[in-house]
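An overview of the molecular structure
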Amino acid sequence: MSTQAPGSMILAPDQPVIRYSPEMDSCFEQLHRAASRGMRIPESIDSIIGLVRQLKELYYIMRDHLEADDGMSAQVAEALPELKMVPLLKMLHSWEQDAERGMREYEARDVHLTPEPIYTDPAYDYLRSPGCWQHYRFTMFEANRALNICRGRICVVQE
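Here the focus is the overall build of the protein chain. Helix and strand counts for the protein chain stand at seven helices and two strands. The linear arrangement of helices and strands in the protein chain, starting from the amino end, is β-α-α-β-α-α-α-α-α. Burial status across the protein chain gives 42% buried among its 159 residues. Relative to all contacts within the protein chain whose residues are 6 or more apart in sequence, the contacts with residues 24 or more apart total 87%.

Put simply, the protein chain has an average pLDDT of 84, and 84% of its residues get 70 or more. The lowest-confidence element of the protein chain is helix α6 (residues 124–127), averaging 64 in pLDDT; the highest-confidence one is helix α1 (residues 22–39), averaging 95.

With 18 residues, α1 should cover 26 Å at 1.5 Å per step; its first-to-last C-alpha distance of 26 Å lies within 8% of that length. Every buried residue belonging to α1 is among M24, D25, C27, F28, L31, H32, A34, A35 and G38, and all of these are buried.

What follows is about helix α5 (residues 99–108). Those residues of α5 lying buried are A99, G102, M103 and Y106. For α5, the buried positions fall inside an angular range of 100 degrees around the axis, keeping them on one side.

Right, let's talk about the packing of aromatic side chains for a bit. Enumeration according to the criterion identifies four aromatic pairs in this entry. Consider the rings of Y59 and Y60, whose centres lie 5.3 Å apart with planes at 80 degrees: the pair is edge-to-face. Residue Y59 is classed as buried on the basis of its relative accessible area of 5%. Ring geometry for Y106 and W133: centres 5.4 Å apart, planes at 55 degrees, overall tilted. Taken together, the positions of Y106 in helix α5 and W133 in helix α7 (residues 130–151) put the pair 27 residues apart, joining distant regions of the chain. For the pair Y106 and W133, one class covers both residues: buried.

As a further point, take the packing of α1 against helix α2 (residues 45–67). Close contact between α1 and α2 brings their axes to 9 Å; oriented N to C, the two are set at 150 degrees. In terms of their interaxial angle, α1 and α2 are classed as roughly antiparallel. You can see that α1 and α2 cross each other, and the crossing is left-handed. For the pair α1 and α2, contact is made by E23, M24, C27, F28, Q30, L31, A34, A35, R37 and G38 and by L51, Q54, L55, L58, Y59, I61, M62, H65 and L66, respectively. For the contact of α1 with α2, the class distribution of residues is 13 nonpolar, four polar and two charged.

So, how was this worked out
Residues numbered from 1 in each chain as written. Predicted model: local features only at pLDDT ≥ 70, side-chain atom pairs only at ≥ 80, totals over all residues. Heavy atoms only, no water. Helix = DSSP H or I, 4+ residues; strand = E, 2+ residues; numbered from the N terminus. Buried < 20%, exposed > 50% of the residue type's maximum accessible area, 1.4 Å probe, protein only. Contact = heavy atoms within 4.5 Å. pLDDT = per-residue confidence, 0-100. Expected span 1.5 Å × (residues − 1). Arc of directions from axis to C-beta. Phe/Tyr/Trp six-rings, centres within 6.5 Å; stacked < 30°, edge-to-face > 60°. Axes fitted to C-alpha atoms, helices over the stretch in contact; angles between N-to-C directions. Parallel < 35°, antiparallel > 145°, perpendicular 65-115°, else oblique. Left-handed = near helix turned anticlockwise from the far one by under 90°. Nonpolar A, V, L, I, M, F, W, Y, C, P; charged D, E, K, R; others polar.

Given below as structure tokens:
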């Protein structure tokens, strides 16, 4: 078994792949799909919170696979493209540094689609805080890092 990571981090496995895991293939596909959705920041704060929860759940499942020295098939790894996360992470970092600007830019993306609200959802107080974008950025970064580590954990499937 590879070294277990403290807290919420993933350490690159220090042991070779022991077995093929179809569950790891499935988790990789789901994590990739969720991270791809996260590349386009969701329209509502509830969707952001829901996406972060989904990413974290899949992230921890993938961490368990990595710590158990599981491997995935090369076909799955090759079928899904690497995500170009750097522009998103830079934008989120700038929003984190200036929360008011971040909120304005976030709301301006779809202002023509959104009618004037009748009331303000209390969840938008979270959007105004730098913690919102920091949390989103960190989660997207870690999800992408997990995907990249998994790409190196290929197991030759014996048929």
